[in-house]
Amino acid sequence: MPETSSYAKAVGAALRLLLTEDPRVFLAGEDIGIYGGAFGITDGLVQEFGEDRVRDTPISEEVIVGLGVGAAITGLRPVVEVQFFDFIVNAMDPLVNQAAKLHFMYGGHVDVPMVVRAAGGGGTGAAQHSQSLEAWFAHVPGLKVVLPATPQDAHDLLLASVLDPNPVVFVEHKLLYKTEGPFESRARIADTPARIGEAKVVRHGTDLTIAAYSIMTVKALEAAKRLADAGIDAEVVDLRTVRPLDIETVRGSVRKTGRLLVGHEAPTAVGVGAEVVAGVVESDALDYLLAPVRRVCGRDNPMPYAKELERATIPQVDDIERSAKELMNA
Amino acid sequence: MSMARMDPTDAAQAADVLKGMWSIRIFEEAVEELFSRGLLHGTMHLTIGQEAVAVGVCDALDEGDFITSTHRGHGHALAHGADPERMLAELLMKDTGYCRGRGGSMHIADVDSGNLGANGIVAGSMTIATGAALSQRLQETGKVVACFFGDGAANEGAFHEALNLASIWSLPVVFACENNQYGMSMAQEKSTAGGSVANRASAYGMPGVQVDGNDVVAVFEHSKEAVERARSGEGPSLLEFVTYRYRGHSKSDRNLYRTQQEIDEWRTTKDPLMLYEQRLRSLAWLGDGDIAAVQAAARERIRAAVAAAYKAPPALVDDLEGATYA
């Protein structure tokens with residue numbers, strides 16, 4: 001019987017292993033100390049590792065991320081937290097103008113091995129605490145953007161993110177924190193099997209490809225179950241990293257199934273989904289398409305407060321199922 | 001050859017200090033000439049008139065201490081020991097430049113020697129300096145970070161977040177404001193509430209002092225005190241060095257916001273090189289011949305650097321994409 005863990009506990013276990021094994025790692029963020037983090041992820045870490053390595057900061061996102069840059073280029077491996085993904089707007093300069101560019105613009109003479117953790121996605125009830133901003137960062141050369149869907153991936157990819165010599169934006173979905181899944185902890189950081197930039201076929205199928213990430217992977221798997229009952233065999237690709245994007249795995253899947261549906265919670269326009277579609281149609285995978293491609297992504301409006309309005313803004317399992325069926329009949 | 005870490009109050013080192021300031025002045029004049037001949041790309045921000053701040057602050061640092069710099073950063077880099085040949089190679093778009101032609105004037109860095117880089121974003125380096133200072137604390141290196149920024153940066157959010165955090169955590173950083181009176185064209189008295197930048201120190205629980213930034217001895221002595229305070233674990237300081245730039249903000253500047261009379265007054269009565277030379281003469285540490293020899297040596301140093309950089313191979317397109325990620 002394999003062990004299981006919640007997504008939240010899997011992230012916390014990764015942080016514990018990082019702090020235990022690598023003296024260069026420290027955490028900094030709002031309320032991550034005695035409060036345990038707004039989502040309880042860092043619960044107990046300050047008692048275990050002390051205030052030097054689990055650093056409660058003032059509400060100052062720009063300096064939280066900026067101090068990560070300064071620490072990273074002088075020998076440390078900071079894991080800094082922006083409590084809600086939305087608040088990263090206050091830290092755009094250190095992330096986009098500094099962290100992303102220093103390696104390149106200093107002629108390759110410096111690395112910026114830092115991780116910025118943030119809780120993204122819907123579920124918090126309104127426009128400034130529920131955004132999915134990953135496409136912004138995926139557009140910036142120099143950044144890597146990781147969005148795990150399962151407890152195991154959250155754990156393994158966080159370890160891989162700290163091992164990476166580049167700045168990584170690591171987005172956890174707040175509605176996934178309580179989800180449970182099979183889980184194996186790693187004895188050492190280097191034992192992580194995860195590699196940033198590798199998508200994974202999480203369900204094999206022959207009729208259509210659903211490419212998704214973060215919570216949409218979970219919804220896509222649920223939709224695939226229902227589709228199977230209707231006689232449709234969907235393949236689900238979890239992108240896991242949206243920059244760099246493992247488009248080869250998606251192309252390979254499309255060559256097999258002949259149909260592509262892309263899903264994410266972020267707004268449709270100018271999103272990661274458009275990039276996935278472009279990456280497929282600009283390759284020979286285009287020749288295998290039996291139907292037009294589909295995007296089942298967020299509506300192009302800010303996240304509303306009312307529960308039903310939020311539900312309508314974010315793609316649901318029903319939407320994926322319906323869209324997949326339409327695609328099969330197209 | 002490092003020009004940094006000399007004491008302008010020491011007779012034996014006075015000529016080297018003066019040479020450090022002249023090297024910056026002559027470097028900048030050379031850059032200006034190369035630009036006018038169309039050999040450089042984009043724009044640049046000259047620091048002529050502000051040499052005493054760079055030299056005075058950097059000479060108060062120890063070997064291995066760090067600096068962060070601004071878009072007007074040539075002087076800081078040279079004062080912290082940068083090689084003028086590699087700097088000029090960068091400006092001339094050569095592969096041998098500090099950033100292999102990818103950074104240019106505004107991004108010269110040499111992290112190994114403690115220069116964490118010039119920065120094209122006003123106040124952009126202030127949070128980085130704070131993080132580098134935290135890093136020194138956590139690694140127990142005993143090193144200090146000097147954070148150069150301009151008067152314009154004092155009105156950015158990063159200034160306030162950085163000062164607050166550095167103070168509550170008692171980090172080993174010296175915030176060195178180079179107040180050259182104008183944030184591009186905006187006069188400091190019009191842009192900055194509270195009378196001065198230094199006044200803001202009290203709000204963040206650290207010492208703040210306004211210093212004559214054209215007096216290299218005053219810059220050095222106040223910096224030394226702040227560096228020692230930082231190194232001994234007492235936390236950050238805010239130093240505001242009042243100085244003046246003779247040239248425009250950048251090459252596009254038509255100087256419509258100030259008068260020629262104002263510029264001439266600073267040049268003729270408060271020039272930092274002239275003030276230090278007067279001091280050295282009055283102390284009888286250096287005579288006219290010694291000073292002329294210092295100037296000639298600085299000129300030769302920069303001339304040789306220009307000649308060597310000019311001959312270096314150009315920046316390469318080949319590995320541009322592969323250079324984005326480590």
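Residues numbered from 1 in each chain as written. Chains lettered and ligands numbered in written order. Predicted model: local features only at pLDDT ≥ 70, side-chain atom pairs only at ≥ 80, totals over all residues. Heavy atoms only, no water.

Student: Would you explain unusual backbone geometry in this entry?
Tutor: Only a minority of non-glycine residues have a phi that is not negative, and only a minority of peptide bonds are not trans. Residue and element names in this part refer to chain A. Of the consecutive residues Arg-243 and Pro-244, the connecting peptide bond is found in the cis state with omega at -5°. Relative to the assigned elements, Pro-244 resides in the loop between strand 12 (241–243) and helix 9 (247–257). Its identity as a non-glycine residue notwithstanding, Val-270 has a phi of 55°, on the positive side. Along the chain, Val-270 turns up in the loop between strand 13 (260–267) and helix 10 (272–281). (Helix = DSSP H or I, 4+ residues; strand = E, 2+ residues; numbered from the N terminus.)

Student: Can you help me understand the sheet that holds strand 9 (residues 200–203) of chain A in this one?
Tutor: Sheet strands line up and pair through hydrogen bonds in the backbone, either parallel or antiparallel. Residues and elements named next belong to chain A. Read across the sheet, 5 strands follow the order 9-11-10-13-14 without closing on themselves; strand pairing throughout is mixed. Every interior strand has two partners, whereas the edge strands, strand 9 and strand 14 (294–298), have only one. Geometrically, the sheet is characterised by an average inter-axis angle of 25° between neighbouring strands, direction not taken into account. Taken together, the 4 bridges between strand 10 (residues 208–212) and strand 13 define a ladder with parallel strand orientation. (Pairing = 2+ DSSP bridges. Axes fitted to C-alpha atoms, helices over the stretch in contact; angles between N-to-C directions.)

Student: Just checking my understanding: could you explain the packing of helix 1 (residues 14–36) of chain B against helix 10 (residues 272–282) of chain B for this structure?
Tutor: Helix packing for two helices is described by the angle between their axes and how far apart those axes are. All names here are of chain B. At a closest axis distance of 10 Å, the pairing of helix 1 and helix 10 adopts a crossing angle of 160°. The angle between the axes of helix 1 and helix 10 places the two elements in the roughly antiparallel class. Crossing of helix 1 against helix 10: the hand is left-handed. Touching Ala-14, Val-17, Leu-18, Met-21, Trp-22 and Arg-25 of helix 1 are Pro-272, Leu-273, Tyr-276, Glu-277 and Leu-280, all from helix 10. Partitioning the contact of helix 1 with helix 10 into residue classes produces 9 nonpolar, no polar and 2 charged. (Parallel < 35°, antiparallel > 145°, perpendicular 65-115°, else oblique. Left-handed = near helix turned anticlockwise from the far one by under 90°. Contact = heavy atoms within 4.5 Å. Nonpolar A, V, L, I, M, F, W, Y, C, P; charged D, E, K, R; others polar.)

Student: Can you walk me through helix 2 (residues 51–58) of chain B in this structure?
Tutor: Summarising burial for helix 2 of chain B: 8 of the 8 residues are buried, a large majority. Buried residues of helix 2 of chain B: B:Glu51, B:Ala52, B:Val53, B:Ala54, B:Val55, B:Gly56, B:Val57 and B:Cys58, and no others. (Buried < 20%, exposed > 50% of the residue type's maximum accessible area, 1.4 Å probe, protein only.)

Student: Looking at this structure, I do not really get the environment of A:Pro165. What am I missing?
Tutor: Along the chain, the position of A:Pro165 falls in the loop between helix 7 (151–163) and strand 7 (168–173). Residue classification places A:Pro165 among the partly exposed positions, given a relative accessible area of 27%. Spatially, the C-alpha atoms of A:Pro165 and A:Val276 are 25 Å apart, while their sequence positions differ by 111 residues. Excluding residues within four positions of it along the chain, A:Pro165 makes contact with A:Asp111, A:Val112, A:Pro113 and B:Ala326.

Student: Help me understand the interface of chain B and chain A, please; the structure alone is not making it clear to me.
Tutor: Reports often express the size of an interface as the amount of accessible area lost when the parts come together. With 39 residues of chain B at the interface, the matching set in chain A holds 39 residues. When the two sides are added together, the surface that chain B and chain A hide from each other amounts to roughly 3,100 Å², 64% of it contributed by carbon and sulfur. For chain B, the biggest contributors to the area lost against chain A are B:Glu161, B:Tyr325 and B:Ala326; these three give 21% of the whole. Run the count over chain B and chain A and you get 0 salt bridges. Our count for the chain B to chain A interface comes out at 11 residue pairs in polar contact (both at pLDDT 80 or more). Counting residues per element, the ones that place at least two in the side of chain B that touches chain A are helix 5 (124–139) and helix 6 (157–168) of chain B. Counting residues per element, the side of chain B that touches chain A draws most heavily on helix 5 of chain B, which supplies 11 residues. For the side of chain B that touches chain A, a count of residues per class yields 21 nonpolar, 14 polar and 4 charged. (Buried area = accessible area lost by both parts, 1.4 Å probe. Salt bridge = Lys/Arg side-chain N within 4 Å of Asp/Glu carboxyl O. Polar contact = N/O pair within 3.5 Å; in protein donor to acceptor, adjacent residues only side chain to side chain.)

Note that all results are geometric; they support no functional claim without further evidence.
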